[in-house]
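Architecture at a glance
Each chain, letter by letter, is given below.
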Amino acid sequence: MLIFLGAVFFLLITPGPGVLSTAGVGSGFGARAGLRYVAGLFIGTNMVAFAVVSGLAAVIFSVPIVRDILFYASAAYLFYLALKIALSGTRIAFIHSERAPGIIGGLALQAINPKAYAVNTTFFSGFNFYPDSLATETVLKFLAINAIWVPVHLIWLGAGIYLHRLDLSERAHFAINVLMALSMLAVVALAAYAQM
């Protein structure tokens, strides 16, 4: 169980579309909009987890054309987000938009987020710690994942809000944008590698 909890923490804290966009919403729109977005991500990630546990994701991804369409759509969207970050100039602007994405935006991102599917598949297909009852283990995993998921995303939201308040130099803003863009591209590259 401790190994499982460690894996959950490290897989969730690492930069991916969910946490990077959470920081961006916090930076661009503040706490209230950020919390709405995190609520959408939360609902979305649990829907993805349920799809993985129930086998629905496996059925959908077993159709090669559907799998390819979803993969290319998610890779294109993540590449688009990385470009927005990299080309946002010398100010921190993870996502530039006139309106905060909200609950629907968070839910939609998780639906096409390859990291969400990969991570949930890893969590629920591995790390067996309660061999007497798969149902009990699954419920405990849902509870443990969410107990770590919520604070991790709130930390990233807080980081975005804090970065917005800092009076950083233009060079520091540019370096942060490039780092975030490269992190997003790494997610795309890992997803592409996993698809091969």
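Along each chain, the written sequence defines residue order, and numbers are assigned to residues from 1. Local features in this predicted model are restricted to residues whose pLDDT is 70 or higher, and side-chain atom pairs enter the listing and the counts only when it is 80 or higher, whereas totals over whole chains, interfaces and linings include all residues. Only hydrogens and water are removed before side-chain values are computed, so all heavy atoms of the structure are retained for them.

1. Considering helix α7 (residues 114–125)
What counts here: Each helix is a run of H or I in the DSSP string that is no shorter than four residues. Each strand is a run of E no shorter than two, and both are numbered from the N terminus. In this analysis, the expected span of each helix is defined as 1.5 Å times one less than the number of residues it contains.
Under the 1.5 Å per step criterion, the end-to-end length of α7 is 16 Å for 12 residues, consistent within 8% with the ideal 16 Å. Trailing α7 by a residue or two, F127 shows a phi angle of about 55°, which is positive.

2. What to know about empty space enclosed by the protein
Cut-off, in case you're wondering: In this analysis a 1.4 Å probe is tested at points of a 1 Å grid over the protein atoms alone, and where it fits but cannot get out there is a cavity; an open set with protein on both sides within 12 Å along at least five of seven lines is a pocket; lining residues have an atom within 4 Å of a point. Grid points are joined across faces, edges and corners, and a volume is the space filled by probe spheres set on the points.
The full count for this structure, using the stated rule, is two cavities of 30 Å³ or more. Roughly 180 Å³ of volume is contained in the largest cavity. Lining the largest cavity are 18 residues, and of these L12, Q110, K115, W149 and H153 lie nearest its centre. Those elements that place two or more of their residues in the lining of the largest cavity are α2 (17–29), α3 (31–54), α7 and α8 (134–165).

3. Some points on a nonpolar patch on the surface
Test applied: The patches reported here contain residues having more than 30% relative accessible area and no salt bridge. Joining distances are 9 Å for like charges and 5 Å for nonpolar side chains (Val, Leu, Ile, Met, Phe, Trp, Tyr). We get accessible surface area from the Shrake-Rupley algorithm with a probe of 1.4 Å; when it comes to residues, only the shown protein chains can shield them. In what follows, salt bridge is the name for a side-chain nitrogen of Lys or Arg lying within 4 Å of a carboxyl oxygen of Asp or Glu.
On the surface, L56, I60, V63, I65, V66, I69 and L70 cluster together into a nonpolar patch covering about 550 Å² of accessible area. Breaking the nonpolar patch down by element, the ones donating at least two residues are α4 (56–61) and α5 (64–86). The dominant element in the nonpolar patch, judged by the number of residues it contributes, is α5, at four residues. Within the secondary structure, L56 sits in helix α4.

4. Considering the side chain of N113
Note the cut-off: Whether two residues are in contact is decided by their heavy atoms: any pair within 4.5 Å suffices.
Relative to the helices and strands, N113 is located in the loop between α6 (102–112) and α7. Once you skip the residues sitting within four places of it in the chain, N113 turns out to touch P17 and G18.

5. A look at the packing of aromatic side chains
Going by this rule: Here a pair means two rings of Phe, Tyr or Trp (six-membered ring of Trp) with centres within 6.5 Å. Their orientation is stacked below 30 degrees between planes, edge-to-face above 60, and tilted elsewhere. Working definition: with a 1.4 Å probe on protein chains only, accessible area under 20% of the residue-type maximum means buried, over 50% means exposed, and in between means partly exposed.
By the definition in use, this model includes two aromatic pairs. Centroid distance F124 to F142: 4.9 Å. Interplanar angle 45°. Geometry classified as tilted. With a gap of 18 residues between them, F124 in helix α7 and F142 in helix α8 connect regions that are remote in the sequence. Each member of the pair, F124 as well as F142, is classed as buried.

6. A few points about the confidence of the model for the protein
To be explicit about the condition: You can read pLDDT as the predictor saying how much it trusts each residue, on a scale of 0 to 100.
Overall, the prediction assigns the protein a mean pLDDT of 80, with 84% of residues at 70 or greater. Between the elements of the protein, mean pLDDT differs from a low of 70, seen in helix α9 (residues 170–195), to a high of 93, seen in α3.

7. Examining the environment of L182
Position of L182 among the secondary structure elements: in helix α9. L182 sits 99 residues away from L83 along the chain, and the two C-alpha atoms are 9.5 Å apart.

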